[in-house]
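Spelled out, the chains give:
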Amino acid sequence: MTQQVKYYQTGTYTVGNRLLDQEQRTVQASLDRSNALDSGHRACQGCGEALGARFAIDAAMRATDNQLIACNATGCLEVFTTPYPETAWQMPWIHSLFGNAAAVATGVAAAQRVKGKKEVRVIAQGGDGGTTDIGFGCLSGMFDRNDDVLYICYDNQAYMNTGVQRSSATPPAARTATTMPVGPNPGNEFGQGKNVPLVAMAHGIPYVATASVHDLHDLERKVTKAMSMRGARYIQIFVPCPLGWGSKPCDSIKLARMAAECGLWPLFEAEHGEITDSTKLRKPAKVDGYLKLQRRFAHMFKPGNEAQLEGMQALADKNIVKFDLLEEKGDEE
Amino acid sequence: MLKQMEGSMAVAEAVALARPEVICAYPITPQTHIVEGLGEMVKSGQLENCEYINVESEFAALSVGIGSSAAGARTYTATASQGILFMAEAVYNASGMGLPIVMTVGNRAIGAPINIWNDQTDSMSMRDAGWIQLFCETNQEAVDVHIQAFKIAEKLSVPVMVCMDGFILTHAYERIDMPEQAQIDQFLPPFNPRQVLDPANPVSMGAMVGPEAFTEVRYLAHRRQMDALELIPQVAQEYAEIVGRDSGGLISTYKAEDAETLVISLGSVIGTIKDVIDQRREEGEKIGCVAIRSFRPFPIAEIRKACANAKRIVVLEKCFAVGMGGMVASNVRMALSTQPVPVYNVIAGLGGRPITQTSLHNLFNEAAADKLEGLHFLDLNQEVVERELERQRLDECSGSVAENILRDIGAVAASKV
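Residues numbered from 1 in each chain as written. Chains lettered and ligands numbered in written order. Predicted model: local features only at pLDDT ≥ 70, side-chain atom pairs only at ≥ 80, totals over all residues. Heavy atoms only, no water.

Asks: Where do I start with the overall build of chain B in this structure?
Replies: Across its full length, chain B carries 16 helices and 16 strands. Here the C-alpha atoms of chain B give a radius of gyration of 22 Å, agreeing with the 22 Å that 2.2 N^0.38 yields for 417 residues. Oriented by its inertia axes, the alpha-carbon framework of chain B measures out at about 70 × 55 × 50 Å. Sequence separation of at least 24 residues holds for 79% of the intrachain contacts in chain B that already meet a minimum separation of 6. Summed over all atoms, the accessible surface of chain B reaches about 17,500 Å², with 53% contributed by carbon and sulfur. In chain B, 34 side chains carry a positive charge and 52 a negative one; their mean positions are 4 Å apart. (Helix = DSSP H or I, 4+ residues; strand = E, 2+ residues; numbered from the N terminus. Rg over C-alpha atoms; globule rule 2.2 N^0.38 Å. Contact = heavy atoms within 4.5 Å. Areas by Shrake-Rupley, 256 points an atom, 1.4 Å probe, with all protein chains shown as cover. Lys, Arg positive; Asp, Glu negative; His and termini not counted. Charge placed at Lys NZ, Arg CZ, Asp CG, Glu CD.)

Asks: Is there a simple way to explain the domain arrangement of chain B in this structure?
Replies: Where interface size is given, it is often the accessible area lost as the parts come together that is meant. Here chain B is described as being made up of domain 1 (2-243), domain 2 (251-377) and domain 3 (390-414). Placing a centre on the C-alpha atoms of domain 2 of chain B and another on those of domain 3 of chain B gives a separation of 33 Å. (Domains from an automatic or database assignment.)

Asks: Help me out: how do you make sense of helix α9 (residues 211-243) of chain B in this one?
Replies: For an α-helix the count is 3.6 residues per turn, leaving residues at separations of three or four pointing the same way. All names here are of chain B. Helix length check: α9 (33 residues) gives 46 Å between terminal C-alpha atoms against 48 Å at 1.5 Å per residue, within 8%. Along α9, the largest kink reaches about 35° and is centred on L229; proline P233 follows within four residues of it. Within α9, burial applies to R224, Q225, A228, L229, L231, I232, V235, A236, Y239, A240 and V243. Buried residues along α9 sit in contact with α5 (88-96), β6 (132-135), α7 (139-156), α8 (181-187) and β13 (294-296). Of the residues flanking the end of α9, it is G244, one or two places downstream, whose phi is positive at about 85°. (Expected span 1.5 Å × (residues − 1). Bend = angle between axes of the 7 residues up to and from the residue. Buried < 20%, exposed > 50% of the residue type's maximum accessible area, 1.4 Å probe, protein only.)

Asks: Hey, could you run me through the interface of chain B and chain A in this one?
Replies: Tallying the contact residues gives 35 residues for chain B and 38 residues for chain A. Between chain B and chain A, roughly 2,800 Å² of surface is buried when both sides are summed, and carbon and sulfur atoms account for 63% of that area. Its largest share of buried area at the contact with chain A, chain B owes to P199(B), S204(B) and M208(B), together 20% of the area lost on that side. Where chain B meets chain A, there are three salt bridges. R145(A) is the salt-bridge partner of E56(B), the closest N and O atoms lying 2.8 Å from each other. Our enumeration of links across chain B and chain A arrives at 17 residue pairs in polar contact (both at pLDDT 80 or more). (Buried area = accessible area lost by both parts, 1.4 Å probe. Salt bridge = Lys/Arg side-chain N within 4 Å of Asp/Glu carboxyl O. Polar contact = N/O pair within 3.5 Å; in protein donor to acceptor, adjacent residues only side chain to side chain.)

Asks: Can you walk me through the nonpolar core in this structure?
Replies: It is characteristic of soluble globular proteins that their nonpolar side chains tend to be buried jointly. Among the nonpolar cores identified, the biggest contains 148 residues, and Y234(A), L38(B), Y76(B), I303(B), I313(B) and V332(B) are the most heavily contacted of them. At 10 residues, helix α3 (residues 101-114) of chain A tops the list of elements feeding residues into this core. Each of domain 1 (2-243) and domain 2 (251-377) of chain B gives at least three residues to this core. In terms of nonpolar packing, the next biggest core, distinct from the first, is built from 62 residues, A36(A), A70(A), A158(A) and A209(A) among them. (Core = buried A, V, L, I, M, F, W, Y, C linked by side-chain atoms within 4.5 Å.)

Asks: Quick question: what am I supposed to make of the pattern of salt bridges here?
Replies: Pairs can form between side chains of opposite charge once their charged atoms are near each other. For the coordinates displayed, the defined rule picks out 36 salt bridges over all chains. In this structure, D128(B) engages R127(B) in a salt bridge whose closest nitrogen and oxygen atoms are separated by 3.9 Å. With relative accessibility at 22%, the residue R127(B) sits in the partly exposed group. Across the pair E141(B) and R293(B) runs a salt bridge, and its minimum N-O distance is 2.9 Å. Of the two residues, E141(B) sits in helix α7 while R293(B) sits in the loop between β12 (287-292) and β13, which places them 152 residues apart along the sequence. Just as E141(B) is buried, R293(B) falls in that class too. Residues joined in a network through salt bridges with shared partners are D218(A), R221(A), K222(A), K225(A), E269(A) and E271(A).

Asks: Honestly, the sheet that holds strand β7 (residues 160-165) of chain B in this entry has me stumped. Any pointers?
Replies: The strands making up a sheet associate through hydrogen bonds between their backbones, and the pairing can be parallel or antiparallel. Residues and elements named next belong to chain B. If you trace the seven strands from one edge of the open sheet to the other, you get β3-β2-β4-β5-β7-β6-β13, paired in mixed fashion. Among the strands making up the open sheet, the edge pair consists of β3 (51-54) and β13. Ignoring strand direction, the axes of neighbouring strands in this sheet form an average angle of 20°. Inspection of the sheet shows strand β2 (residues 22-25) paired to β3 by four bridges, in the parallel sense. Residue pairing in the sheet places C24 in a bridge with I53 of β3. (Pairing = 2+ DSSP bridges. Axes fitted to C-alpha atoms, helices over the stretch in contact; angles between N-to-C directions.)

Asks: What is the right way to look at helix α9 (residues 252-262) of chain A in this model?
Replies: Residues and elements named next belong to chain A. S252, L255, A256, R257, A259, A260 and C262 are the residues of α9 that are buried. Packed against the buried residues of α9 are β5 (207-212), β6 (233-238), α8 (242-245), α10 (287-292) and α11 (306-322). Just downstream of α9 lies G263, where phi reads positive at about 100°.

Asks: What's the story with the side chain of S398(B) in this structure? I'm lost.
Replies: By the element assignment, S398(B) lies in the loop between α14 (382-394) and α15 (401-408). Setting aside residues no more than four positions away along its own chain, S398(B) makes contact with E388(B), R391(B), Q392(B) and N404(B).

Shown next, in the form of structure tokens:
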């Protein structure tokens, strides 16, 4: 039975598990999944972070035979999963501070080494604020020492837990509580921001990847690959936030897919500082469709703000070239 | 074994005897030699089964320590001055999570103006952070107290800060009687954590607690410190039985029983104070001193008992709460609130200013005559102060206070000679 699966038969990148061979199915499709982030937590409807974390952690749990410890930065993920005495974590889990998850993970990993527990692995995780801003020093230190930690950043592009303020991962033009759409240049500034996957690569660490909640097969594969390696690894997962973005909860997956398809969120992998692969786009979409579904970008469509739309399209076009996202002719199966 | 060695190296050897499993190293004067010494011991194999981690900041140093301690490893780090401020958030976090980390503070002033020399404002800035704070008078005491600190910390699940005066102790070469490894192995059992990150028995650590329980959590942290008031002398006793030396405890007294003037202080200056007391005793003055070793928990009962017969108390401290006075004196006054005895507060030795015997004699002369103000600054140059105040009165834009003063006293010109 080697009937070829046509991935695009639904008109999207969505692949129904039932169409796949057993070994290709997601960890989530398995009855043996660990449910490391269990149900009953307090995430909002349509939360991309909860979905991303569930897939990422369960994939890491499978890859390590459940010998996994998680270190969490302060943020939505921490708050919605664990007010004492309740916890959604069916795994050893520690939260210390907003800005030190990477360093705490270094310490946990050091303890495993000194105790001779080679099989016990460590992940650190946080949102974009806890990673690209306040946790950046500790993150860079962990990369620099090449500590045996996988750091996962769930990137929803602002400080959502405190009420949607700008972070260094907030895209240009976006409305946040600290970049309001008023004045001649509404929303977040163009020409600012921090691409932490690229900064991570500059450390020369074994593995860096971007992922997204619209392609959970790819996400699981990248986490599994990361856990097959030792040393410092980094994955930044694109996780839409309906509350912060002003989007419909039912559109979270769609928005993640659209961000990738227009080039604003390039999916790529890198090893030891060199890009090794990127997810190709058959026909890049324009950014308008992605932006229109979010109230944080609503001002961009008002007369007089055309330059913002052009600026955003230019960013997407630049990504398409930089990360080699265009599918070459003849690549199609 | 008797050795002649630098205080920092002695502390490094003492810490190594406690068999730490994770050490986080970040340089800051004057503690740096300690972690340098430990690094060499780990590299050479003298200290086995130990992960030595060069971190990128003090905040990371203690954060890595939080991770390793939560994962069940005996953890040590050292810091000073600006470093302890930079890690302040993690200082509170470590105690809140009940992680028995031991940390040396090589006491140093806090800027601005930046100053690398000794006072104790750095440790004092963290006095309410939930750590036990033990202050050492000599390097021998530093050696013994560091080893005891691990036992105290792990028995109570509370982190312990061992405070030793920067340069005066950390860089002083003195005779040290170093305990044997076998003695310390007998004294200090392996770390058996109250709670540990372990896939075989998953727990969630560090989760949120609301108003319904937060008060009780904080109260119990206080209770643990009250327990430490009993444990610290016990551990000193156990240590003395094995190592054969009295070291540690909550306070120590010197010629205090019949003293009319009782000097209270902490750290290395106690040595100078004792010398001055000896000289004044020869002249017939009834003067003695109390060294506070445990500043947190604060030994209220012991202080009260030691001060019961004194006619006046002089609290001499190398730290200063701007806008208030001394932190130590505030605590002593509270302890003695029911005893009608004057408590004079003397701020001394800030930013490394030497505390000389001559200055102490002058001070104690004034104290004996009850002529001291409630808050006194030892060797304050009043003339320089007045000149700067006058300058500020005359010119709104009078510039940097520190620079002006140095010009006034001629330090700038003198340094060119």
